[in-house]
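What the coordinates show
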Amino acid sequence: MLNKLLKSVLDQDTAPVVVCDIDDIIVYMNPCAIKRYHKDLTGKSIKDCHPPKANEMIDKVVAWFRRSKDNNIIYTYRNDEENKDVYMVALRDDDGILIGYYEKHEYRNKETVGLYQPKK
């Protein structure tokens, strides 16, 4: 039941969510990510989607995640065009072992929908 609930949380997110395992393989993309990237890349390496410099940074962040169970989120860049900050977030099992990661997008626009009104 929990897996269905968690998948639903990710599916409803209005930001792209791409989850990778520890071997850099994309294991899940929410509908927003599939729309943004114009295809479902599940089963492919995230590194096939990035230039060498970005892959270097992914490796550095994953190494940082591995160094400590307390290293769990890092700011990776600002996208002024979309008014958002982007982070990489560690995914850990119950023992704190690194099992993957995902990219988190945080948009900074003020909400324009009225209180308790559906977001369109």
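Conventions used here
- Every chain is numbered on its own, with residues counted from 1 as its sequence reads.
- Thresholds applied to this predicted model are a pLDDT of at least 70 for local features of residues and 80 or more for the giving and counting of side-chain atom pairs; totals over whole chains, interfaces and linings are not thresholded and use all residues.
- As a rule here, side-chain values cover all heavy atoms of the structure and leave hydrogens and water aside.
- Within this scheme a cavity is a closed region of a 1 Å grid, computed over the protein atoms alone, that accommodates a 1.4 Å probe without allowing it to escape, whereas a pocket is open but has protein on both sides within 12 Å along at least five of seven lines; lining residues each have an atom within 4 Å of a point.
- Grid points are joined across faces, edges and corners, and a volume is the space filled by probe spheres set on the points.
- What counts as a helix is a DSSP run of H or I of at least four residues, what counts as a strand is a run of E of at least two, and both are numbered from the N terminus.
- When residues are grouped by polarity, Ala, Val, Leu, Ile, Met, Phe, Trp, Tyr, Cys and Pro land in nonpolar, Asp, Glu, Lys and Arg in charged, and all others, Gly among them, in polar.
- Between any two strands, pairing holds if DSSP finds at least two bridges.
- To get an axis, fit a line to the C-alpha atoms, keeping to the stretch in contact for a helix; angles then go from 0 to 180 degrees between the N-to-C directions.
- When checking whether two residues touch, look at their non-hydrogen atoms; a contact exists if any pair is within 4.5 Å.
- Nonpolar core, defined: a set of buried Ala, Val, Leu, Ile, Met, Phe, Trp, Tyr and Cys residues in which side-chain atoms within 4.5 Å join the residues together.
- Classification of residues uses two cut-offs on accessible area relative to the type maximum, computed with a 1.4 Å probe and protein chains only: under 20% is buried, over 50% is exposed, and between them is partly exposed.
- In plain terms, two cysteine sulfur atoms within 2.5 Å form what is called a disulfide here.
- In the analysis that follows, any N or O atom pair within 3.5 Å is treated as a polar contact, provided that within protein one partner can donate a hydrogen and the other can accept it, and provided that, for residues neighboring in sequence, both atoms belong to side chains.

Let us look at the layout of surface pockets. One number sums up the size of the largest pocket: a volume of about 570 Å³. Lining the largest pocket are 24 residues; nearest its centre among them are His50, Ile58, Tyr77, Met88 and Glu103. Listing elements by their share of the lining of the largest pocket, those giving two or more residues are β1 (18–21), α2 (31–37), α3 (52–67), β3 (73–79) and β5 (98–107). Broken down by class, the residue content of the lining of the largest pocket amounts to 17 nonpolar, four polar and three charged. What the second largest pocket holds in volume is close to 370 Å³. Lining of the second largest pocket is provided by 16 residues; of these, Asp13, Thr14, Ala15, His105 and Tyr107 occupy positions nearest its centre. With five residues, β5 is the largest single contributor of residues to the lining of the second largest pocket. Across the lining of the second largest pocket, the residue classes break down as six nonpolar, four polar and six charged.

Attention shifts here to the sheet that holds β1. Within the open sheet, the five strands sit side by side as β2-β1-β5-β4-β3. Their pairing is antiparallel. The open sheet has two edge strands, β2 (26–29) and β3, and neither has a second partner. The average angle at which neighbouring strand axes cross in this sheet is 20 degrees, direction not considered. Alignment of β1 against β5, held across three bridges, turns out to be antiparallel. Bridge assignment links Asp21 to a residue of β5, and that residue is Gly100. Seen against the sheet, α3 touches β3, β4 (84–92) and β5 and runs at an angle of roughly 45 degrees to β4.

Turning our eyes to something else, we now look at the nonpolar core. Membership of the largest hydrophobic core comes to 15 residues, with the highest contact counts inside it found for Val18, Ile26, Ile46, Phe65, Met88 and Tyr101. Going through the elements one at a time, β1, β2, α3, β4 and β5 are the ones with two or more residues in this core.

Turning to the state of the cysteines, a few remarks are in order. One pass over the structure, following the stated rule, counts zero disulfides. The cysteine Cys32 is free of any disulfide, with Cys20 supplying the nearest cysteine sulfur at 16 Å. A residue is classified by how much of its surface remains accessible, and Cys32, at 23% relative accessible area, is partly exposed. Unpaired in this structure, Cys49 has its nearest cysteine sulfur neighbour in Cys20, at a distance of 8.4 Å.

Looking at the secondary structure, you find Ser45 in the loop between α2 and α3. At a separation of 3.1 Å, a polar atom in the side chain of Ser45 contacts the main-chain amide nitrogen of Lys47. In this structure Ser45 touches Asp24 and Ile25, once residues within four positions along its chain are discounted.

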